[in-house]
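Residues per chain, in single letters:
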Amino acid sequence: MKNNIIKKIEEIIGKKNVLLSSEDKSKYLVEWRNRYTGKAQAILRPKSTKEVSLLLKLFNKNNISVTPQGGNTGLVGGQITYSSKDFIVSLERMKKLISFNKIDETMVVQSGMLLSEIHAICEENDMLFPLSLASEGSCTIGGNLATNAGGVGVLYYGNTRDLTLGLEVVLSDGSIINLLKTLKKDNTGYSLKDLFVGSEGTLGIITAASLKIFPKPREKFTFLASSRSPKKSLEFLRMIQKNTSTPLTSFEIMNNNSIETVLKNINGAILPISEEAEWYILIEFSSYEKNLDAVDKINEIVNLGLEKKIISNAVFANSKKQSKQIWNLRENISEAQKKDGASIKNDISVPIFAVDEFIRKADLIVSKEIPKAKKITFGHLGDGNIHYNISQPENLSQDSFFKLEKPLREKLLSLIVKMEGSFSAEHGIGIVRKKDALKIKGDEIKIMKSIKKSLDPKNILNPGKIFD
Ligand code: FAD
C-alpha cells in the first residue's frame, strides 16, 4: 500500500514521475564505477522550481532526507542515498534554456541541462561554454556547480565557479532564493552563490544558473608531444606561456601506462607518435583569428623545445579528425582503466612546481604497498591537479586489492599534507573522503557545520555527505 507521503508527492509531480520499483530506481542508485550501490524509497523527477520547492516543504515538515542528483557521474558517492527511507530528487527533466544573450555573453539554464547540451546550444550560436569534462555527455550543469567541476579548460578559463554569474536555489524549507543575476560586478554583501557552488547538494537544490559564455575560437591548434618527466613537461609549459600570446587552453599530461591502457582497451585508439615515451603532453591553443603567424610561432616554440631536449617528439593535428584522435587518448583513460578491473582513484593537487616530486614519491609508496599495481597517472599539469589512479593487479582479487586501499590512502594522504596539497582537487568529498576531510580540515569542517545548521537546521539535504 502506498504511504501518505508518496501520495502527496504524486500530487506535486504526477504519478509517472515517482519511480518506486527496484527496476526503475536501479540506474540512479549505482555510481559510474559500480563501487557504491545505494537504496532509496523513490526517485522523484520534478519539472520546475515550484515543484522542487513544494517537495522540500513537504520533506522539511516530515523530517525526510533527500539527495539531489544530476547525471550521476560524481566519483565520491555523493549523489546516491544509502537508506530505503530516503528520496533522490533527479533534476533530469529540468533542462530548459531560459535565456541566451550573445551581446551580454551570458546564458541562463535550468540545472538539469546536460553539459553537452549547453555546448550544442553555444555551438549553434557561434559561442563557447568552456567547461569541458570527459563525462560531459552525461553530467548536468547542476552537478557541475554542486561539485565545482574542473576539467581540461581550467588553465585558461577557470573552473565552474569562475564561469558562474548567478544561481537559483531552493533551500531546505522550500523557500526559493533567486540569485540569477547576469551581472559581472555585484559587490553587495556576501557572495551567496559562492556558498552553493561546491556544496555537494548539502545546502540547497540548485534549480537554475546564469553562466558566462565566450565567442567561439576560430581556430584550434592541437598537438601531442612526448617528454621524459612531469618536470620537463612543466618546463615546456612555462616556455610556451612566455613565448606566445595565442591562448593556451589545455595542457594535459599522461603517463605511458595511461596511453597503453587506452590503446589496449579502446577500439580505434591511435597514438600518432611512433617512439614510446615515459610521458605524453596534449597541448591545445585556441585562437580568435585565422592566424598563420600563430602557427609559425607555435612551431618555433616546439622546435626550440625539441632542440633543448625539453620534449622529445611532437605531432601536430592537421585535421579535426586528427585532433579528435589525440583528444580520444586523453578522454578515454578512465573508461579504459575501468576495463582492467577495479581502481583506487586519487584526485590530488599540489603546488605546480611540486607535481614531479609528488609523483615520484607516490610511485615509491604504491610500489611498496601494492607491488605490481599499475599507476595510471594523468591530469591537468597547469593546475597542479593529477589523477593518480591505481589499477587492480592481475595477481590480486578485487577484495584483496581493496583491503590494501586504506593503508595506501593513509600514506598518500600524509605525503599530500606534507607537500601542502589537496586530497580532492576536483571531485569533492561526498562519502569517500569524509574521514580525510575531518582529519585534515577539522577547523574548517566546524565552520561548514555551522553554515549547514543555519541553512538546513533539520539536516534533510544530502545528510552524511562531506561530514557526519
Ligand atoms: P551528480 O553525480 O549527479 O552529483 C554530484 C554531486 O552534486 C552530488 O553531491 C549531488 O547531490 C550534487 N548535485 C547534483 N545536482 C545538483 C543540483 N541541481 N543541486 C544541488 N546539488 C546537486 N569531474 C571534474 O571535476 N573534472 C573532470 O575532468 C571529470 N572527469 C570525469 C570523467 C568521467 C569519465 C567521469 C565519470 C566523471 C568525471 N568527473 C570529473 C566527475 C563528475 O563528472 C563531476 O563531478 C560532475 O560535475 C558531476 O555532475 P553530475 O550532474 O553527474 O552530478
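Description of the structure in this document. Because the structure is a prediction, the values reported are computed rather than measured.

Section: the site of the ligand
Here comes step 1: The local shell around the ligand holds 34 residues, among which P68, G70, T73, G74 and S135 are the closest.
Here comes step 2: Within the backbone of P68, an N or O atom sits 2.6 Å from an oxygen atom of the ligand.
Here comes step 3: Contact distances for the ligand include 2.7 Å between an oxygen atom and a side-chain N or O atom of S135.
Here comes step 4: For the shell around the ligand, the secondary-structure elements that each account for two or more residues are β3 (66–69), α5 (141–147) and β10 (205–212).
Here comes step 5: For the shell around the ligand, a count of residues per class yields 11 nonpolar, 21 polar and 2 charged.

Re the sheet that holds β10
Here comes step 1: Taken in spatial order, the 5 strands line up as β5-β6-β10-β8-β9 in an open sheet, and their pairing is antiparallel. For this open sheet the edge positions go to β5 (97–101) and β9 (176–179), each flanked by a neighbour on one side alone. Pairs of neighbouring strands in the sheet enclose a mean axial angle of 10°, with direction left out of account.
Here comes step 2: Where β5 and strand β6 (residues 106–110) come together, 4 bridges link them in antiparallel fashion. Paired with L97 across the bridge in β6 is V109.
Here comes step 3: Helix-sheet contacts for helix α3 (residues 49–61) involve β8 (164–170), β9 and β10, and the interaxial angle to β8 is about 45°.

Considerations on the pattern of salt bridges
Here comes step 1: The final tally for this structure, using the stated rule, is 22 salt bridges.
Here comes step 2: Among the salt bridges present, the one from E357 reaches K361, with a minimum N-O distance of 2.7 Å. Of the two residues, E357 and K361 both sit in helix α13 (residues 355–369), 4 residues apart, roughly one turn of that helix.
Here comes step 3: Since its relative accessible area comes to 29%, E357 is described here as partly exposed.
Here comes step 4: Taken together, the salt bridges that share partners define one network made up of K27, R45 and E92.

Describing the sheet that holds strand β4 (residues 87–90)
Here comes step 1: Spatially, β1-β2-β4-β3 is the arrangement adopted by the 4 strands of the open sheet, whose pairing is mixed. The sheet terminates laterally at β1 (18–19) and β3, the two strands that pair on one side only.
Here comes step 2: As paired strands, β1 and strand β2 (residues 42–44) are joined by 2 bridges and run antiparallel to one another. Bridge pairing links V18 to L44 in β2.

Thoughts on the packing of helix α1 (residues 4–13) against α3
Here comes step 1: At a closest axis distance of 9 Å, the pairing of α1 and α3 adopts a crossing angle of 165°. Between α1 and α3, the interaxial angle falls into the category roughly antiparallel. Crossing of α1 over α3 shows right-handed handedness. Contacts between α1 and α3 involve I5, K8, I9, I12 and I13 on the former and, on the latter, E51, L54, L55, L58 and F59.
Here comes step 2: Partitioned by chemical class, the residues of the contact of α1 with α3 number 8 nonpolar, no polar and 2 charged.

Notes on the environment of I429
Here comes step 1: Its location among the elements puts I429 in the loop between α15 (405–418) and α16 (434–440).
Here comes step 2: As a C-alpha pair, I429 and N267 span 162 residues in sequence and 33 Å in three-dimensional space.
Here comes step 3: Those residues in contact with I429, other than ones at most four positions away along the chain, are V76, E200, F423, K434, A437 and I466.

Reading the values: the criteria
Residue positions within a chain follow its written sequence, with the count starting from 1. For this predicted model, a pLDDT threshold of at least 70 governs which residues receive local features, and a threshold of 80 or more governs which side-chain atom pairs are given and counted, while totals over whole chains, interfaces and linings are taken from all residues. Each side-chain value is derived from all of the structure's non-hydrogen atoms; neither hydrogens nor water enter the calculation. The near set for a molecule or strand comprises every residue that places at least one heavy atom within 4 Å of it. N or O atoms within 3.5 Å of each other form a polar contact, as long as, within protein, one can give a hydrogen and the other can take it, and as long as residues adjacent in sequence are counted only when both atoms are side-chain atoms. Helix numbering and strand numbering both begin at the N terminus, where a helix is a DSSP run of H or I of at least 4 residues and a strand a DSSP run of E of at least 2. In the scheme used here, Gly and all other residues not listed as nonpolar or charged are polar, with Ala, Val, Leu, Ile, Met, Phe, Trp, Tyr, Cys and Pro taken as nonpolar and Asp, Glu, Lys and Arg as charged. DSSP calls a pair of strands paired once it identifies at least 2 bridges connecting them. Here the axes come from fitting lines to C-alpha atoms, over the contacting stretch only for helices, and the angles between their N-to-C directions go from 0 to 180 degrees. Note on contacts: a residue pair is in contact if any heavy atoms of the two residues lie within 4.5 Å. Each reported salt bridge corresponds to a side-chain nitrogen of Lys or Arg within 4 Å of a carboxyl oxygen of Asp or Glu. Between buried and exposed lies partly exposed: a residue is buried under 20% and exposed over 50% of the maximum accessible area for its type, with that area taken using a 1.4 Å probe on protein chains only. Note that the term roughly parallel is reserved for angles under 35 degrees, roughly antiparallel for angles over 145, roughly perpendicular for angles of 65 to 115, and oblique for everything else. Crossing chirality is assigned from the near helix's rotation relative to the far helix, an anticlockwise turn below a right angle marking it left-handed and a clockwise turn marking it right-handed.

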